[in-house]
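Here is what each chain is made of, one letter per residue.
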Amino acid sequence: ILNLSAGFQENLVRISGGDALPDGIFYVEDDQLYWMVRSINDYETAIEESALSAYQDTIEAYIAEEQGKCGNPAVKVELLSIEERMNRSDIGVAAYSIGTVLTADSPQELMQYMAGFPNDPMQVTFIKETTNWLQLFGNGYIDLIKMIVVPLVIVSIAHVIVNMKSEQKMSRLVKKTILVTMSMVAVASIVGIAFGIFFNVGGNALTNVATEAKAKEIVSVATTLRGLIPGNLVDAMVKNNIIGMVIFGAFLGRAIWWIKADEPKVEEFMRKLVNGLHKALINMALLILDYMPWAVIALLANTIAQKGLDSILSVVHFIFVLYLAIIAQFIIQLIALSINGINPIVYMKKSLALLILAFTSRSSVGCLPVTIETLTQKLGVNQATASFVAGFGTTAGMQGCAGIFPSLLIVYVCHLTGTVMDFSMIVMTIIVVTLGSLGIAGIPGTATMAASVGLSGVGMASSFSLIGPILAIDPLIDMARTMLNVSGSVTNALIIDKRLGNLDENIYNEINKN
């Protein structure tokens, strides 16, 4: 004889008793059988519902107590049945047996609970020791990147300035180039911040830091700007005051450039020294970046081991928002062309091959010859303007790698750590990203340098390791970033040449020249 009963867990029938089930109780999930048993056991059902009504608080307290003992939020304790065991109305005593069932979204979660595996993987000694070694390689690589940020920023800014040529109508061309380039990077930074805040990038990610974070002290914008001026260069280096180092590098480069009038030989020696240091630091950066795939594996494995696969879901969200922001910035570039009286449709048709090359090559420097050829041969830009603006765009003012990306990352890390993204933080981010973009070299993977410069500039250098999952998928986002970089260089050159009055509009509007 088998005992069949159906409780409050819909479609679940309990079977017990008889020689056929020597091991105890089994459960069958069957809709038709469930309602058949419920209809047969009307009397028992009435008892269950009566007991549930009379002892609701007691039953809920019991379920809550059992849930607390479970200790795993992924596993739920739910009411299955209430059975009357004794009912002595003559003495006013009744006894009921409460049946519960464990449920979860997946069998794996139930298996983890039944096996006694802790919900926090860091409680397992093997995993904890493994993450220590992973941090040695992953975080050690991050420290190598931080190591070259200070000298790279100073030397890169000086390198840009000392190599400016007076014979290229420096006064007008350089001023307009810096004005247009920096303005567009600032706009790109604003776009990155806006999309990051609107889509709450990193807000739903799992991190242990977020539980310990506190809102930062509100500081006025004037005080923030005053703090960027380096009173002590060594102190600025120690505190990762990136903007302070940009200011120092700019003054150093300008001072070397001025030597030309009085001491040409000294100026030539200093310029060669700066160029040599710049080349050496770029080679050092490339050498470090060669090890990125191995470091990314360690960083990604460490993140999954500590926080689980859920922490990777925020990366998918980041990619989606980044591509949306890049599309928005590309549209802004087209609007900027229209405002300056340049047909954006012609630009898109003639630049399509270049943009595809940039997307697939992921290198602004690698596209430089094609960029200059497109500007001069297809778009009618003056040779001097094309060479200077396109060359400048490979080391400074990249709207993708040094504009949108670091701004979005700063919002991402702020949300991860619980840092308030207030007005002063937004202004600081725009300033740091815009000025910091001057020292980013146009080689594959150097958006990592932009991220390091940006986070250091806003005082979040210690949180750099939190972007490990983002670095793991860098090639996916680097393609769109590089395309926006090159597109920005081309549109900047068109706008500058138009304002200088040098743009050959006959060549530009010749639609067959493609």
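Residues numbered from 1 in each chain as written. Predicted model: local features only at pLDDT ≥ 70, side-chain atom pairs only at ≥ 80, totals over all residues. Heavy atoms only, no water.

### Examining the packing of helix α13 (residues 344-361) against helix α14 (residues 368-378)
- Two elements in contact, α13 and α14, have axes whose closest approach is 10 Å; the angle formed by their N-to-C orientations is 180°. Considering their axes alone, α13 and α14 lie roughly antiparallel with respect to each other. Across from K350, S351, L354 and L357 in α13, the residues of α14 making contact are V370, T371, T374 and K378.
- Considering only residue class, the contact of α13 with α14 consists of three nonpolar, three polar and two charged. (Axes fitted to C-alpha atoms, helices over the stretch in contact; angles between N-to-C directions. Helix = DSSP H or I, 4+ residues; strand = E, 2+ residues; numbered from the N terminus. Parallel < 35°, antiparallel > 145°, perpendicular 65-115°, else oblique. Contact = heavy atoms within 4.5 Å. Nonpolar A, V, L, I, M, F, W, Y, C, P; charged D, E, K, R; others polar.)

### Let's talk about the side chain of E267
- Structurally, E267 can be placed in helix α10 (residues 264-289).
- On the basis of relative accessible area, E267 is assigned to the buried category, the value being 3%.
- Discounting chain neighbours no more than four positions away, the residues touching E267 are V162, I256, W257, I259 and K260. (Buried < 20%, exposed > 50% of the residue type's maximum accessible area, 1.4 Å probe, protein only.)

### Here's the deal with the confidence of the model for the protein chain
- Of all residues in the protein chain, 81% have pLDDT values of 70 or greater, and the mean over the chain is 78.
- The least confident element of the protein chain is helix α2 (residues 42-54), whose mean pLDDT is 61; the most confident is helix α16 (residues 400-417), at 90.
- Taken as a whole, residues 206-219 scores under 50 in pLDDT and shows 24 contacts with residues more than four places along the chain or in a different chain. (pLDDT = per-residue confidence, 0-100.)

### Let's talk about the nonpolar core
- Counting 92 residues, the largest nonpolar core has F318, Y347, Y412, I467, I470 and L494 as the members making the most contacts within it.
- Contact partners of L494, with chain neighbours within four places excluded, come to L337, I342, Y347, L379, V381, L503 and Y508. (Core = buried A, V, L, I, M, F, W, Y, C linked by side-chain atoms within 4.5 Å.)

### Observations concerning α16
- In a regular helix each residue adds 1.5 Å, so 18 residues correspond to 26 Å; α16 covers 24 Å between its end C-alpha atoms and thus fits that length.
- Along α16, the helix axis deviates most sharply at P406, where the bend reaches about 25°.
- The buried fraction of α16 amounts to 17 of the 18 residues, a majority that puts the element mostly inside the structure.
- Just beyond α16, the residue with positive phi is G418, at close to 80°. (Expected span 1.5 Å × (residues − 1). Bend = angle between axes of the 7 residues up to and from the residue.)

### Here's the deal with the sheet that holds strand β1 (residues 3-6)
- Spatially, β1-β2-β3 is the arrangement adopted by the three strands of the open sheet, whose pairing is antiparallel. Two strands in the sheet have a free side with no partner beyond their single neighbour: β1 and β3 (26-29). Ignoring which end each strand starts from, the neighbouring axes of this sheet average 30° apart.
- Sheet analysis places strand β2 (residues 12-16) next to β3, joined by four bridges and oriented antiparallel. Bridge pairing in β3 links L12 to E29. (Pairing = 2+ DSSP bridges.)

### A closer look at the environment of A250
- Take A250: it is sitting in helix α9 (residues 242-262).
- Here A250 falls in the partly exposed class, since its relative accessible area comes to 26%.

### Focus on the packing of α16 against helix α18 (residues 447-457)
- Packing of α16 against α18 brings their axes to within 9 Å, and their N-to-C directions diverge by 50°. Classified by the angle between their axes, α16 and α18 sit oblique to one another. By crossing handedness, the relation of α16 to α18 is classed as right-handed. From α16, C401, A402, F405, P406, L409, I410 and V413 reach across to α18, where they touch A447, A450, A451, G454 and L455.
- Across the contact of α16 with α18, the residue classes break down as eleven nonpolar, one polar and no charged. (Left-handed = near helix turned anticlockwise from the far one by under 90°.)

### So, the side chain of S489
- Locating S489 in the fold gives a position in helix α20 (residues 474-500).
- Not counting residues up to four positions away in its chain, the partners in contact with S489 are V389 and G393.

### Observations regarding the packing of aromatic side chains
- Under the criterion given, the structure shown has five aromatic pairs.
- Measuring from centroid to centroid gives 6.2 Å for F199 and F320, while their planes differ by 90°, and the two rings are edge-to-face. On the criterion of sequence distance, the pair formed by F199 in the loop between α6 (170-198) and α7 (221-228) and F320 in helix α12 (residues 310-339) is long-range, its members being 121 residues apart.
- Between the aromatic rings of F318 and F405, the centroid separation amounts to 6.2 Å while the plane-to-plane angle is 85°, which identifies the pairing as edge-to-face. (Phe/Tyr/Trp six-rings, centres within 6.5 Å; stacked < 30°, edge-to-face > 60°.)

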